[in-house]
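Examining the three-dimensional arrangement
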Amino acid sequence: MKFIPYLCVKITQGMKKEKERIVVMGGSFNPPTVAHFTLMKVAIDAIGADIGFFVPVSDAYLKRKMRHSHPPVVLSPELRIRMLQAMCTDIRMQVCEKEIGTIEARTMPTLMALQEEHPNAELYFIMGADKLDLLIHLTEKRKFLDAFCVILFSRESDTLDTILSKNEILSNHLDRIVTLPQPEGTSSVSSSLIRERMLNGESCSELMCPGAWELFKDFKAADFPDMVERFKGDYAFMDNRFGCPFVWEGIRYNTAEAAFLSSKCQDESERKVYASCSIDKAIVRAKEQIPYPGWEDARLDIMESILTAKFGQNPVLMKKLLETGDHILVNGNSKQETFWGVDLYSWIGENHLGKIIMRIREKETRK
């Protein structure tokens with residue numbers, strides 16, 4: 001017999017609920033699947049919930065999660081929301097956008113915000129049985145089960161009930177935990193399977209709800225080019241500090257960085273100092289250099305001119321650049337540099353360096 005809190009048993013027996021019940025399911029939903037819909041519906045029905053909220057994670061968190069996938073199939077937050085809304089054919093289901101504009105997954109803050117909006121409701125958070133360690137940690141460190149209830153889906157819920165009753169921490173909160181059997185067929189359905197089949201040109205309509213499928217069905221592998229996220233390792237040649245000789249505006253430099261730093265000076269003799277010293281000394285020197293009027297407005301054109309010279313005068317580097325094909329080139333960093341690159345934690349950044357290099361690649365490809 002599956003373990004269901006006494007409060008829920010009373011509901012199934014037709015007695016009046018003591019308070020509103022809300023089910024919350026967090027996830028990437030990249031894309032949402034028929035399994036997401038089924039799990040939510042089963043959970044809502046099991047506890048007699050009034051509302052079931054789908055809470056998609058932020059774009060930044062999803063990009064971090066997918067960064068090592070090749071190619072990184074990342075659907076926009078707007079599209080994920082639209083697909084979830086299309087999937088909410090049960091009037092009890094809604095989409096909660098509280099995490100979309102954040103940087104990370106925020107289970108506790110999200111649930112607390114929902115609780116504040118629904119002060120008289122009991123919140124039930126859906127988790128897989130494989131997340132027991134996380135539930136134990138949250139309960140021990142952050143009193144999770146004191147504040148919220150949990151619905152655990154498991155293919156072996158009898159075994160799960162035994163594990164819960166024997167756990168030193170969770171056994172004290174059994175009245176806050178609902179265990180439900182994994183609905184048939186849902187364990188083999190996943191967003192990753194849908195992405196894989198899409199990339200292989202295969203239909204996956206049976207894995208998605210009709211409304212969500214209509215929004216997803218036209219995507220192809222070409223819509224998700226692979227990405228170079230850092231100019232390191234095999235891609236270090238795109239970094240501005242990479243050593244390679246070239247001539248720019250009549251002066252020979254060893255790095256694009258030195259040439260760019262020297263561009264702040266209008267005097268040729270001062271520029272030659274940057275060309276002759278080490279890159280570390282050039283960077284220190286540039287910190288004290290006041291750029292000439294108008295340099296800020298011209299810096300993008302200056303950088304493109306420098307990099308055109310760098311790659312144009314070094315055929316080996318140009319060949320390496322062309323070998324990146326249609327990869328998106330991202331000057332990713334962990335230093336929160338967001339003009340020339342992209343901060344890989346927040347995924348905020350204008351990536352001007354990457355964009356300039358991609359323009360140079362495109363121009364060379366058209367020759």
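Relevant structure appears above.
It should be emphasised that the depicted structure is a prediction, and the values quoted were computed from it without experimental measurement.

Here the focus is the packing of aromatic side chains. Under the defined criterion, the tally for this structure stands at 12 aromatic pairs. Plain terms: the ring middles of F216 and F219 are 5.7 Å apart, the flat faces sit at 45 degrees to each other, and that makes the pair tilted. Given a relative accessible area of 25%, F219 falls into the partly exposed group. Three or more aromatic residues joined by ring pairs form one cluster here, namely W213, F216, F219 and F224. Sitting above the plane of the Y345 ring, R64 keeps its charged end 4.0 Å from the centroid. Of note, R285 hangs over the ring of Y274, and the distance from its end group to the ring centre comes to 5.7 Å.

Let us look at the environment of L84. Looking at the element boundaries, L84 is found in helix α4 (residues 77-87). Judged by its relative accessible area of 0%, L84 falls in the buried class. In contact with L84, not counting residues within four places along its chain, are F29, P32, F54, P56 and V95.

With respect to the helices, strands and loops of the structure, R299 is situated in helix α14 (residues 295-312). In the structure, R299 is positioned 39 residues away from F260 in sequence and 8.4 Å away in space, judged by C-alpha atoms. Excluding anything up to four places from it in sequence, R299 contacts F260, F339 and W340. In this structure the side chain of R299 is engaged in a polar contact, spanning 3.3 Å, whose partner is the backbone oxygen of E296.

Attention shifts here to helix α13 (residues 279-287). Within the sequence span of α13, burial applies to A282, I283 and A286. One side of α13 carries all its buried residues, which in axial view fall inside an arc of 100 degrees. Of the residues in α13, the exposed ones pointing more than 90 degrees away from the buried face are D280, K281, V284 and K287. As for α13, its buried residues are in contact with α11 (256-262) and α12 (268-276).

This next bit is on unusual backbone geometry. Along the chain, N30 connects to P31 via a cis peptide bond; the corresponding omega equals 5 degrees. Take P31: it is sitting in the loop between β1 (20-27) and α2 (34-47). Cis geometry marks the peptide bond from H70 to P71, where omega comes out at -10 degrees. Along the chain, the position of P71 falls in the loop between α3 (59-66) and α4. Of note in the backbone geometry, E249 takes a positive phi value of approximately 50 degrees without being a glycine. Mapped onto the fold, E249 is located in the loop between β8 (246-248) and β9 (251-253). Accessibility expressed as a relative area gives 52% for E249, which makes it exposed. The backbone of Q336 sits at a positive phi, close to 60 degrees, despite the residue not being glycine.

Conventions and cut-offs
Residues numbered from 1 in each chain as written. Predicted model: local features only at pLDDT ≥ 70, side-chain atom pairs only at ≥ 80, totals over all residues. Heavy atoms only, no water. Phe/Tyr/Trp six-rings, centres within 6.5 Å; stacked < 30°, edge-to-face > 60°. Buried < 20%, exposed > 50% of the residue type's maximum accessible area, 1.4 Å probe, protein only. Lys NZ or Arg CZ within 6 Å of the ring centre and 35° of its normal. Helix = DSSP H or I, 4+ residues; strand = E, 2+ residues; numbered from the N terminus. Contact = heavy atoms within 4.5 Å. Polar contact = N/O pair within 3.5 Å; in protein donor to acceptor, adjacent residues only side chain to side chain. Arc of directions from axis to C-beta.

Treat this as a map of the structure, not an account of what it does.
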